[in-house]
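Below are the chains, spelled out letter by letter.
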Amino acid sequence: MSMISTETNVAHRLRKIFERTLPFIVALFCVILSMLPFGLVSGIIIAPAFALMAVFYWALYRPDLMPPYAVFFTGLYQDLLSGGPLGLWSFIYLCAYGMIVSQRLFFIGKAFLAIWFAFGIVAILVNLIMWGIVSLYYANVMSLWPIIGQTALSFALYPFMGKFFGWVQRRFLSVV
Amino acid sequence: MSDRFGQVERITLPFRMISYRLSMVLMIGLSCALLLLGRAEAYVFDEAREKVQEATAPILELLSTPVGMMRQWFSGMDDFLNVYEENRRLRDENARLLEWQAVALELQQTNERLEALLNVQAGPGIGYITARVIGDSGGPFVHAFIVNAGEVDRAAKGQAVIDTQGLVGHVVAVGEHSSRVLLISDLNSRVPIVFEDSYYKAVMVGDNSPLPLIEFLGEDDVLTPGKRVVTSGHGGLLPPGLPVGIVVRDESGLLRVDPYSEESRVDHVRLLEFEFPNDVDEEGAEETDGEQVGLLNSDATAGAQ
């Protein structure tokens, strides 16, 4: 009797841990996704900011499962993997996260179009911040075209990734 | 068992209790600190980067395979649609290349004869390692590739990386099974170049655009767009004579290089194993010193005898 209860207890806790880390794992997966050489297919070298979409989605729907330090490590992972300035993506993702969390009560329950629009605004803002930081970092005014390209591509792909995150949320996460 | 989890709970609970605002400030502060530290001492994190890259490489390798297949499928479609034009273009090109082949063979013969005549020391041969691009930089401000060749495949830091068209970049970090290649369009890329015919020397500087800038050109050097650009081999990093691109002038009148290799089309690359005469010299110098000493000694002994 007690064996069974211990087992279910363990299973329950494992499930809790799985749920608590899943959004973070999804975000890390998105970082890897954005590193894939899609340029080979599309003929454009700019990768969509998949991880930004993940941070946006989880900040909006489950900020309890995507705390600031998870956002930080998502960014840090991308910084380490991409070979760019360390701290850049973590800062960018934290900015996006802060923006969404502060406004999330307004967006919860809104139609998808409003959410998509909000993602567009956040993407534009954080990309501008990134442009500013990178320009300062290299002491060189960067061309705006790469970030315009990345923002547009990310905006265009958000509905698909949003669908994917929604599926993950419904399939694997229990409702709070 | 449940006790252990209880302990974990007890440890994580106060951690989770830290207010959202405080952890936000902490994390943003940490990011800024990393940015500043990375700006000042970039090499501090080299090992961490290598570890993360090495750990992710197998996943990238796995996931990039279907991407590669997709690419082949797309380019196959492209080929199919342009098969008529492509055929005609190739016929023309073939006719032209056959003429060049005759010229090249003749030149090779002359060259061999002259080299034999002058007893020229041929440069060290270049070996190569073929690798597949399994990842790119994933951001708008970094231009780098991750390729699936590492230390075990004899990849090494500083090796030039080319594709079938021309120079792609050079290896900046090597893990056991993967390496990072800094592309010529990256902000940190500096490639010593030389121009065809004129032999003017300059440096090709990446500026995040598809067409790297030409800088440090001599004041009196006049360049005309359309000239071929090859690596000069100065600075002892890249082998000389690798095709890079052609000179173009942009709208603002700046001279740039239009690279032969198209970043977005690169899927397989070659890492060049090139031993610099410098490197050889250092080892060779010691040997010759030894020989000379030996000679002197033998001379001395000969003299004594």
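Residues numbered from 1 in each chain as written. Chains lettered and ligands numbered in written order. Predicted model: local features only at pLDDT ≥ 70, side-chain atom pairs only at ≥ 80, totals over all residues. Heavy atoms only, no water.

(A) Molecular detail of the overall build of chain A. Along chain A, the regular secondary structure elements total 7 helices and 0 strands. In chain A, the order of α-helices and β-strands from amino to carboxyl end is α-α-α-α-α-α-α. The proportion of buried residues among the 176 residues of chain A is 55%. The long-range share in chain A, meaning contacts at least 24 apart out of those at least 6 apart in sequence, stands at 74%. With the model as given, the accessible surface of chain A reaches about 8000 Å², and the carbon-plus-sulfur share is 75%. (Helix = DSSP H or I, 4+ residues; strand = E, 2+ residues; numbered from the N terminus. Buried < 20%, exposed > 50% of the residue type's maximum accessible area, 1.4 Å probe, protein only. Contact = heavy atoms within 4.5 Å. Areas by Shrake-Rupley, 256 points an atom, 1.4 Å probe, with all protein chains shown as cover.)

(B) Examining the overall build of chain B more closely. A tally of regular secondary structure across chain B gives 5 helices and 12 strands. Taken across its 305 residues, chain B has 35% of its residues classed as buried. Put simply, 54% of the contacts in chain B that link residues at least 6 apart link residues at least 24 apart. Surface accessibility of chain B: about 19200 Å² in total, with carbon and sulfur atoms responsible for 57%.

(C) Up close: the confidence of the model for chain B. Confidence in the prediction for chain B averages 80 pLDDT; 83% of positions are at 70 or higher. In the predicted structure, residues 280–305 of chain B sits below a pLDDT of 50 and forms 1 contact with residues beyond four places in sequence or in another chain. (pLDDT = per-residue confidence, 0-100.)

(D) Expanded view of helix H6 (residues 112–137) of chain A. Look at H6(A): 36 Å from first C-alpha to last across 26 residues, which is about the 38 Å you get at 1.5 Å a residue. Ala139(A) lies just past H6(A) and shows a positive phi near 50°. (Expected span 1.5 Å × (residues − 1).)

(E) Structural context of the nonpolar core. Of all hydrophobic cores here, the largest spans 74 residues; its most connected members are Cys30(A), Leu52(A), Phe56(A), Trp58(A), Ile92(A), Tyr93(A) and Phe165(A). Of all the elements in the fold, those that place two or more residues in this core are helix H1 (2–35), helix H3 (50–61), helix H4 (68–82), helix H5 (88–107), H6 and helix H7 (145–172) of chain A together with helix H2 (20–40) and helix H3 (46–81) of chain B. At 12 residues, the largest contribution of residues to this core is made by H5(A). Contacts of Phe165(A), omitting those with residues within four sequence positions, involve Val26(A), Cys30(A), Phe50(A), Met53(A), Ala54(A), Tyr57(A) and Trp58(A). (Core = buried A, V, L, I, M, F, W, Y, C linked by side-chain atoms within 4.5 Å.)

(F) Representation of the packing of aromatic side chains in the model. Here the structure, examined in full by the defined rule, presents 19 aromatic pairs over all chains. Ring centres of Phe72(A) and Phe73(A) lie 5.2 Å apart, and the angle between their planes is 75°; on these two criteria the pair is classed as edge-to-face. Ring plane angle 5° and centroid distance 6.3 Å describe the contact between Phe112(A) and Tyr158(A), whose orientation is recorded as stacked. Taken together, the residues span a long stretch of sequence, with Phe112(A) in helix H6 and Tyr158(A) in helix H7 at a distance of 46 residues. For Phe112(A), a relative accessible area of 40% corresponds to the partly exposed category. In textbook terms, an aromatic cluster arises when at least three aromatic residues are bridged by ring pairs, as seen for Phe18(A), Tyr57(A), Trp58(A), Tyr61(A), Phe164(A), Phe165(A), Trp167(A) and Phe172(A). Directly above the ring of Tyr137(A) sits Arg39(B), whose terminal nitrogen or CZ lies 5.2 Å from the centroid. Geometry around Tyr128(B) places Arg270(B) over its ring, the cationic atom sitting 3.8 Å from the centre. (Phe/Tyr/Trp six-rings, centres within 6.5 Å; stacked < 30°, edge-to-face > 60°. Lys NZ or Arg CZ within 6 Å of the ring centre and 35° of its normal.)

(G) Fine view of unusual backbone geometry. All names here are of chain B. A positive phi angle is found at Arg154, which is not glycine, with a value near 75°. Tracing the backbone shows Arg154 in the loop between strand S2 (144–147) and strand S3 (160–162). In this structure Arg154 comes out as exposed when scored by relative accessible area, which is 52%.

(H) Representation of the packing of H4(A) against H2(B) in the model. Between H4(A) and H2(B), the shortest axis-to-axis distance is 9 Å and the interhelical angle comes to 20°. With respect to their mutual orientation, H4(A) and H2(B) come out roughly parallel. Once H4(A) is placed against H2(B), the crossing between them reads as right-handed. Touching Pro68(A), Tyr69(A), Phe72(A) and Leu76(A) of H4(A) are Tyr20(B), Ser23(B), Met24(B), Met27(B), Leu30(B), Ser31(B) and Leu34(B), all from H2(B). (Axes fitted to C-alpha atoms, helices over the stretch in contact; angles between N-to-C directions. Parallel < 35°, antiparallel > 145°, perpendicular 65-115°, else oblique. Left-handed = near helix turned anticlockwise from the far one by under 90°.)

(I) Highlighting the pairing of strand S9 (residues 228–231) of chain B. Residues and elements named next belong to chain B. Alignment of strand S6 (residues 190–195) against S9, held across 3 bridges, turns out to be antiparallel. Considered in S9, the bridge of Ile193 is made with Thr231. Strand direction decides the pairing type here: S9 and strand S10 (residues 243–249), joined by 3 bridges, are antiparallel. Opposite Arg228, over in S10, you have Ile246 as the bridge partner. (Pairing = 2+ DSSP bridges.)

(J) Representation of the sheet that holds strand S1 (residues 126–136) of chain B in the model. All names here are of chain B. The 6 strands are arranged S1-S2-S5-S4-S3-S12 in a closed barrel whose pairing can be described as antiparallel. The average undirected angle you get between the axes of adjacent strands in this sheet is 45°. Summarising the sheet, S3 and strand S4 (residues 167–174) pair through 3 bridges and their orientation is antiparallel. Bridge pairing in S4 links Val161 to Gly169. Here H3 sits on the sheet and contacts S1, S2, S4 and strand S5 (179–183); the angle it forms with S1, its principal contact strand, is near 80°.

(K) Inspection of the environment of Leu65(A) at higher detail. All names here are of chain A. Residue position: Leu65 is located in the loop between H3 and H4. For the pair formed by Leu65 and Pro23, sequence separation is 42 residues and the distance between their alpha carbons is 6.5 Å. In this view, Leu65 contacts Glu19, Arg20, Pro23 and Leu173; residues no more than four positions away in its chain are not counted.

(L) Here's a closer look at the packing of H3(A) against H5(A). All names here are of chain A. Relative to each other, H3 and H5 sit at 35°, their axes nearing to 8 Å. Here the hand of the crossing between H3 and H5 comes out right-handed. Of H5, the residues touching H3 (which contributes Ala51, Leu52, Val55, Phe56, Ala59, Leu60 and Tyr61) are Tyr93, Ala96, Tyr97, Ile100, Val101, Arg104 and Phe107. Per-class residue counts for the contact of H3 with H5 are 13 nonpolar, no polar and 1 charged. (Nonpolar A, V, L, I, M, F, W, Y, C, P; charged D, E, K, R; others polar.)

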